[in-house]
Amino acid sequence: MNPDDVKTVGVLGCGIMGSGIVEVLAKAGSDVIYLERDDARVERGQGAIEKSLQKAVTKGKLDESARDELRGRFKGTTNLDDLAGVDLVIEAVTEDLPTKVDLFSRLDELTKPEVILASNTSSLPLVQMATATKRPDKVIGMHFFNPPPVMKLLELVKALTTSDETVEFAKGFGEKLGKTTVLAKDRAGFIVNLLLTSYLNAAVKMYEEGFASKEDIDTAIKLGLGHPMGPLELLDLIGIDTMLSVGEVLYDEFKSQEFAPPPLARRMVQAGYLGRKTGKGFYDYGQ
């Protein structure tokens, strides 16, 4: 399939990542059908996209007529069958391998045989999703970064089964979305999260051990290394539960202590202190 042949894209999941992916696709001219588990989540996803578009209008990056046009390019559903006619699928559900494998198996039966099935997974083994289908050559990782409308990187992941033609399609489609693509092999964490996890874990351990305050750790990284956010601020943005899951996947694959989630991160997840999305993480967001 040629990237220009993609008219309608199905997106599975419309949470923090999924809603951003829907917005990116709509802005690039695609019609989008996004799937959520229930009507409340469909409405929540719609609200998140609307809020992001309005923010762009307020900042002068989007005029109101363009916003109104974009609103007509996406719609939500709770019925997987509504994705039967799409030209591309991008899965962005929770980082749970059995859930993803089940969805890929069902999508394989539902969608046209030439349709490429992509996953936004940030760490899970792509080959297990691919081999749940009868088209393993057409399964690829398309890992967006948070927030998708702002971040320019699209990390492509080639499983052992992924064809070169599928990789070329994904590169071309990524360029159509205005993204810069990089290509990684199907190994836990790929490029970015493999490097990022050990860095974030080290920052949490530094804070946990009382070596420095959270404010000083974040300030040191921002001013000393030129990062836009410090590691603990970044963890709150990503979601401490998300990075805990990634760390567990990496540790399971490599058995290296640098990837093992720090005890403090585990306790914070158990307490519900997940970061910005719950109003409290390393910092308090007053929600």
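Higher on the page you've got the structure.
Described in the following lines is the structure provided in the data block. (Residues numbered from 1 in each chain as written. Predicted model: local features only at pLDDT ≥ 70, side-chain atom pairs only at ≥ 80, totals over all residues. Heavy atoms only, no water.)

1. Notes on the pattern of salt bridges
With the rule as written, the count across this model stands at 18 salt bridges. Ionic pairing is found between K134 and E109, a salt bridge with its closest N-O pair at 2.6 Å. Of the two residues, K134 is situated in the loop between α5 (126–130) and β6 (139–144) and E109 in helix α4 (residues 97–110); the sequence distance between them amounts to 25 residues. Neither K134 nor E109 differs from the other in exposure class; each is exposed. (Salt bridge = Lys/Arg side-chain N within 4 Å of Asp/Glu carboxyl O. Helix = DSSP H or I, 4+ residues; strand = E, 2+ residues; numbered from the N terminus. Buried < 20%, exposed > 50% of the residue type's maximum accessible area, 1.4 Å probe, protein only.)

2. Quick notes on the sheet that holds strand β4 (residues 88–91)
Strand order in the open sheet formed by eight strands is β3-β2-β1-β4-β5-β6-β7-β8, with mixed pairing between adjacent strands. Two strands close off the open sheet at either side, each with one partner strand: β3 (74–77) and β8 (180–185). When the angles between neighbouring strand axes are averaged without regard to direction, this sheet yields 25 degrees. Where strand β2 (residues 31–35) lies against β3, four bridges are found, and the strand directions are parallel. Of the residues in β3, the one forming a bridge with L35 is T77. Running over the sheet, helix α1 (residues 16–27) touches β1 (8–12), β2, β3, β4 and β6 and is turned about 170 degrees from β1. With respect to the sheet, helix α2 (residues 39–58) is in contact with β2 and β3, its orientation differing from that of β3 by roughly 160 degrees. (Pairing = 2+ DSSP bridges. Axes fitted to C-alpha atoms, helices over the stretch in contact; angles between N-to-C directions. Contact = heavy atoms within 4.5 Å.)

3. Focus on the pairing of strand β7 (residues 153–158)
In terms of strand pairing, β6 meets β7 through four bridges, oriented antiparallel. In the sheet register, M142 faces β7, and the bridge partner there is L156. Here six bridges tie β7 to β8, and the two strands are oriented parallel to one another. From the neighbouring strand, L153 faces β8, where its bridge partner is T180. At this point the chain moves from β7, through helix α6 (residues 164–176), to the parallel β8, and the crossover so formed is right-handed. (Right-handed = clockwise from strand over helix to strand, strands pointing away.)

4. Considerations on α1
The terminal C-alpha atoms of α1 lie 17 Å apart, and with 12 residues this matches the ideal 16 Å at 1.5 Å per residue to within 8%. Burial analysis of α1 places 10 of its 12 residues in the buried class, the great majority of the element. Immediately downstream of α1, the backbone of G29 shows phi near 100 degrees, a positive value. (Expected span 1.5 Å × (residues − 1).)

5. Some thoughts on the pairing of β6
With six of its six residues buried, β6 lies for the most part within the structure. Residues of β6 alternate between two faces, with V139, G141 and H143 on one and I140, M142 and F144 on the opposite face, all of them buried. With three bridges connecting them, strand β5 (residues 116–119) and β6 associate as parallel partners. Residue pairing in the sheet places S119 in a bridge with G141 of β6.

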